[in-house]
Amino acid sequence: MSQAGLLKPAPERPPETPDGRPPDSSAPPAAPDRPGPTGGPGCGHYRHPGAGTPGERAASAHKPVVTLADVSVTLGQYKALRRVTATVPLRSQTVVIGPNGAGKSTLVQTILGFLPHEGSLTFDPPSPRFGYVPQRLDYDRHLPLTVTEFLALGLTRRPLWLGVSRVVRKKVSEGLERVMASDLAARPLGALSGGETQRIMLAAALMSDPDILVLDEPATGVDINGEQLMCELLDGFKKDYTIIMVSHDLPTARAHGDWVICLNRRVVAQGRPEDVFRPKILAATFGLHQGAELWSDHKI
Amino acid sequence: MEIFSPLYQLAGCLYEPMFMRRSALALALLTVAASSSGVMVVNRRMAFFPDAVGHSVFAGVAAALMLSLNVQLTVLALSVLIGLTVTFLARHSHLASDTVIGLVFSGAVALGLALVSRQPQAAAGLSRFFLGDVLTLDDAQLTALAGLDVLTIVFLGLMTNRLTLACVVPRSSSDRWGEYLFGAYLAVVVAVGVQAVGVLLVTALLVAPAATGRVVSVSFRGMFWAAMAAGLVAGQAGLWASFQPAVNTSAGATVVLVNVLLFCLAALYRKIRPVR
């Protein structure tokens, strides 16, 4: 398990809510109102249309954007999710953690609408736009497609063989700047490293101007520097977007998450990291021995 | 036909006999459709798809003769059916697309042979669909090839970006209808092309120029136009060479050989100057 998330100090936590609910209560945290993105020069220039003033954001911070009530998903004969009840708070980073086979990817794919489900899944606003960064793309690495061309695919109907227009090229350039990848514009997509590819996928997801940004294991196949850069970028974006991230990396979840959902085919616990990262909850999520080991070794 | 007169005059710069001008024009028209759609064929790893659809032409011809149907329309309909079947099986059977294509290819050939064995008079004209003859095209076939180019420009103008995106993103979010539309479109390209110049030339023109373009380019746009240029150059060079007394070979086969030679030169170039 990578420890890269520990390299960055834990972000400042929002204040406790007055009612002091337990870790698995449904009250989401106040949205973090950080002074600015830490991801670099490009990140601070963008403002989500629905971001509102800081006061407006604070007022709407408790509002859950995604609410799952008794959601079950069956894949063939396998019950991948069992009566999952959870919320995702507005403009914060929600991290879904759990052991292998816990249904983390199934959960986000259900939220994205890729999988049929039983139970209630509601959104506020009712039909949000999603930006999705998949776990790992299995595509032809020799495909002749530059980064600019790939990002242009989501921005224009003009066929690639007619070239990318100046207007679209400018938008692509701005998108790359936001993920600190301006130098990658002319590179073939298949020649990028794992971390570079994930940043390009993040740029593509952001270009759709999403309400909810979904990332499935963004650190998979990424080196330590790439992982740290991705975490810093996401820290910068969470004041503008609601982020849902699947991670098996507990230090990263603890350091960068504002709201954690512990999943093992059902929700074991959900809440702020400091409330969720407790030996009993980890043992219940990851198994008795592994949970105790994670705690005693100070891996989290 | 009046509409082709200016093009015939242009081809007259290279060739004196009228049938040669007609062949040059036919190759150019076919190259526009085949090279551009070949880019999608190669990028989507469907190089054997044209073979499967192309060989279903035999079954289409035999079925049309047995049932007294219009040959062209029957071949077109059966080709589209085969194209959609391959797409459906590739999506739903959990088999790799090359396995599915191989399966349908075998089935199409066997169906053709079975039908021909019951309809011996159909066998007489079938060699034309296999080897083809680019030197004996009439105006109706040229018009069909020109129509194919119009269809190609419209289809690829609308679908290139969707189909290319589906090469990168996971299947769960890819465009299902885009795949079926491409399967049907490609089947039309193959069916029209095979009836004009034969399976051998059509499948070669769908794969070789695009492979050449892919070797020399790192961008989609570069690959597309390099494939188009390679197809046009190899087509005209092959046709010209086949009529030189020192060569004196089949025009279609020579065009294919020049296409392959061009690919080898492109691969050599990429070996000397690798992608950074």
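Reference entry: report on the structure contained in this document.

What counts and how
- Residues numbered from 1 in each chain as written.
- Chains lettered and ligands numbered in written order.
- Predicted model: local features only at pLDDT ≥ 70, side-chain atom pairs only at ≥ 80, totals over all residues.
- Helix = DSSP H or I, 4+ residues; strand = E, 2+ residues; numbered from the N terminus.
- Expected span 1.5 Å × (residues − 1).
- Buried ≥ 20, exposed ≤ 12 C-beta atoms within 10 Å, placed from the backbone.
- Core = buried A, V, L, I, M, F, W, Y, C linked by C-beta atoms within 7 Å.
- Contact = placed C-beta atoms within 7 Å.
- Pairing = 2+ DSSP bridges.
- Axes fitted to C-alpha atoms, helices over the stretch in contact; angles between N-to-C directions.

A short note on helix 3 (residues 49–67) of chain B
All names here are of chain B. The terminal C-alpha atoms of helix 3 lie 27 Å apart, and with 19 residues this matches the ideal 27 Å at 1.5 Å per residue to within 8%. Across the 19 residues of helix 3, 16 count as buried, placing the element largely inside the fold. In the stretch just after helix 3, Ser68 is the one whose phi turns positive, near 55°.

Quick word on the nonpolar core
Counting residues in hydrophobic clusters, the biggest one holds 162 residues, and the most contacted among them are Cys262 of chain A together with Ala26 and Leu30 of chain B. In contact with Leu30 of chain B, other than residues within four places in its own chain, are Leu145, Gly193, Ala196, Val197 and Leu205 of chain B.

Some words on the environment of Phe286 of chain A
Residue and element names in this part refer to chain A. You can see Phe286 is positioned in helix 9 (residues 279–286). You can call Phe286 buried: it has 23 C-beta atoms within 10 Å. Residues Phe286 and Leu143, spaced 143 residues apart in sequence, show a C-alpha to C-alpha distance of 40 Å.

Focus on the sheet that holds strand 2 (residues 78–89) of chain A
All names here are of chain A. The strand order 2-1-4 describes an open sheet built from 3 strands, whose pairing is antiparallel. Both edges of this open sheet fall to strand 2 and strand 4 (118–123), since each of them pairs with a single strand only. Mean inter-strand twist for the sheet, computed between neighbouring axes without regard to direction, equals 15°. Bridging between strand 1 (residues 64–75) and strand 4 involves 5 bridges; their strand directions are antiparallel. Within strand 4, the position partnered with Val66 by the bridge is Phe123. Along the sheet, helix 2 (residues 104–112) contacts strand 1, strand 2 and strand 4; its crossing angle with strand 2, the most-contacted strand, is approximately 65°.

Overview of the environment of Gly112 of chain B
Residues and elements named next belong to chain B. Topologically, Gly112 is positioned in helix 5 (residues 97–118). Each C-alpha atom, one on Gly112 and one on Val57, is 7.7 Å from the other, the two residues being 55 residues apart in sequence. When residues no more than four places from it in sequence are discounted, the contact partners of Gly112 are His55, Ser56, Phe58, Ala59 and Ala62.

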